[in-house]
Amino acid sequence: MVGDQPTSTTGRAPFQIGDWLVEPDLDRISRGDERRTIRPRVTELLVALSHRSGELAATQYLVDAVWGTEFVTVNALTQLVAELRRALDDDPKNPRYVETIPRRGYRLIAPFTPPGRSNRPDHPGELHFVLVDEDGAEVVLDPGESIIGRSPDATIRVDVPEISRHHVRIVVVGPTATIEDLGSKNGTYLRGRRIEGAVEIGNADEIQIGADLARFRVRVIDDRTKTESQRT
């Protein structure tokens, strides 16, 4: 049976992931006026994921970070991740915070602000969404609707015959951006899955137009710090 004695969490400053303020010393997360207490193990998992923000956090790395020298099964980590997702109101099928990397580990995909930098959601207008294509070119998405397609009037034109004239729509409203396929024949994929309806996108998400016709990576930038809110 896995114990629940935490490793030391003292002296660690609060940090922000998405809408949640994380206070490791208090084993607490908060969003606006809402506060939730989480188990010390869950805190350790969240801190470990934050240290690999936007990158793969391998299974063994997470086990070592949370349980130290204790022997545990991979299933213990799976259950702990599920508990963290419940605390964050995260949907494992369409994650905004923790993405599963099959047979390898997990990845924190929500915008991350390190300790000492403010990223409170009371100032939504200061978050910007950027699309980065395969050649590294960047397009900042303005508030409102942006269209990707091969039409000359598309916001982002991709001149490939298999791509529809108006293939996909991205809508930015305050701190939130959603993506929606516009009935294209070849579809739109987010995090490797074909989307239906409007789906929220976040930092480090990969968008595929068709099965592999064009790819974009999402970046979320906090203009107040003039830095990326999370590494891509």
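Parameters and conventions
- Residues numbered from 1 in each chain as written.
- Predicted model: local features only at pLDDT ≥ 70, side-chain atom pairs only at ≥ 80, totals over all residues.
- Heavy atoms only, no water.
- Helix = DSSP H or I, 4+ residues; strand = E, 2+ residues; numbered from the N terminus.
- Buried < 20%, exposed > 50% of the residue type's maximum accessible area, 1.4 Å probe, protein only.
- Areas by Shrake-Rupley, 256 points an atom, 1.4 Å probe, with all protein chains shown as cover.
- Pairing = 2+ DSSP bridges.
- Contact = heavy atoms within 4.5 Å.
- Axes fitted to C-alpha atoms, helices over the stretch in contact; angles between N-to-C directions.
- Core = buried A, V, L, I, M, F, W, Y, C linked by side-chain atoms within 4.5 Å.
- Phe/Tyr/Trp six-rings, centres within 6.5 Å; stacked < 30°, edge-to-face > 60°.
- Lys NZ or Arg CZ within 6 Å of the ring centre and 35° of its normal.
- Expected span 1.5 Å × (residues − 1).
- Salt bridge = Lys/Arg side-chain N within 4 Å of Asp/Glu carboxyl O.

Re the overall build of the protein chain
Looking only at helices and strands, one finds three helices and 20 strands in the protein chain. Out of the 232 residues belonging to the protein chain, those deemed buried represent 46%. Accessible surface, the protein chain as shown: approximately 11800 Å² in total, 49% of it carbon and sulfur.

Things to note about the sheet that holds strand S1 (residues 15-17)
If you trace the five strands from one edge of the open sheet to the other, you get S4-S3-S2-S1-S8, paired in antiparallel fashion. Single-partner strands in this sheet number two, and they are strand S4 (34-37) and strand S8 (112-113). Inspection of the sheet shows S1 paired to S8 by two bridges, in the antiparallel sense. Across the sheet, Gln-16 pairs through a bridge with Thr-113, a residue of S8. Packed onto the sheet, helix H1 (residues 40-50) meets S1, strand S2 (20-23), strand S3 (28-31) and S8 and runs at close to 80° relative to S1. Across the sheet, helix H3 (residues 74-88) lies against S1, S2, S3 and S4, angled at about 160° from S4, the strand it touches most.

Examining the side chain of Thr-188
Within the fold, Thr-188 resides in strand S15 (residues 188-190). With residues near it in sequence (within four places) discarded, Thr-188 still touches His-167, Val-168, Ile-179, Asp-181, Arg-193, Arg-194, Ile-195, Ile-207, Gln-208, Ile-209 and Gly-210.

What to know about H1
With respect to burial, H1 is a largely interior element, eleven of its eleven residues being buried. Those residues of H1 that fall on the buried side of the exposure criterion are Pro-40, Arg-41, Val-42, Thr-43, Glu-44, Leu-45, Leu-46, Val-47, Ala-48, Leu-49 and Ser-50.

Notes on the nonpolar core
Ranked by size, the top nonpolar core spans 31 residues in total, and within it Ile-17, Leu-45 and Leu-49 carry the most contacts. Residue assignment for this core shows that the elements contributing at least two residues are S1, S2, H1, helix H2 (59-67), H3 and strand S7 (105-108). With seven residues, H3 is the largest single contributor of residues to this core. Setting aside chain neighbours within four positions, we find Ile-17 in contact with Val-22, Leu-46, Leu-88, Tyr-97, Leu-108, Ala-110, Pro-111 and Phe-112. Of all hydrophobic cores here, the second largest spans 23 residues; its members include Ile-163, Val-168, Ile-179 and Val-199.

Considerations on the packing of aromatic side chains
In the structure shown here, the tally under the stated rule is one aromatic pair. Look at Phe-15 and Phe-112: their rings are 5.7 Å apart centre to centre, the planes differ by 65°, and that puts the pair in the edge-to-face class. You can see Phe-15 sitting in strand S1 and its partner Phe-112 sitting in strand S8, a full 97 residues away along the chain. Considered together, Phe-15 and Phe-112 belong to a single accessibility category, that of buried residues. Across from the ring centre of Tyr-61, 4.1 Å away, lies the NZ or CZ of Arg-52, which sits over that ring.

Things to note about the sheet that holds strand S6 (residues 98-101)
Taken in spatial order, the three strands make up an open sheet running S5-S7-S6, and their pairing is antiparallel. At either margin of the open sheet sits one strand with a lone partner, and together these are strand S5 (56-58) and S6. Each adjacent strand pair in this sheet contributes to an overall mean axis angle of 35°, direction not counted. As judged from the three bridges shared by S5 and S7, these two strands associate in the antiparallel manner. Across the sheet, residue Leu-56 finds its bridge partner in S7, namely Arg-107. In this fold H3 packs onto S6 and S7, with an angle of close to 155° to the strand it touches most, S6.

Some words on H3
Structural remark: α-helix, 3.6 residues per turn; residues separated by three or four positions point the same way. Its 15 residues place the ends of H3 21 Å apart at the C-alpha level, agreeing with the 21 Å of an ideal helix rising 1.5 Å per residue. Within H3, burial applies to Ala-76, Leu-77, Leu-80, Val-81, Leu-84, Arg-85, Ala-87 and Leu-88. Just downstream of H3 lies Asp-89, where phi reads positive at about 60°.

Overview of the pattern of salt bridges
When the charged atoms of two side chains lie near each other, side chains of opposite charge can form a pair. Counted under the stated rule, the structure contains 18 salt bridges. With its nearest N and O atoms 3.0 Å apart, the salt bridge here joins Asp-89 to Arg-36. On the criterion of sequence distance, the pair formed by Asp-89 in the loop between H3 and S6 and Arg-36 in strand S4 is long-range, its members being 53 residues apart. The partly exposed category is assigned to Asp-89, whose relative accessible area is 42%.

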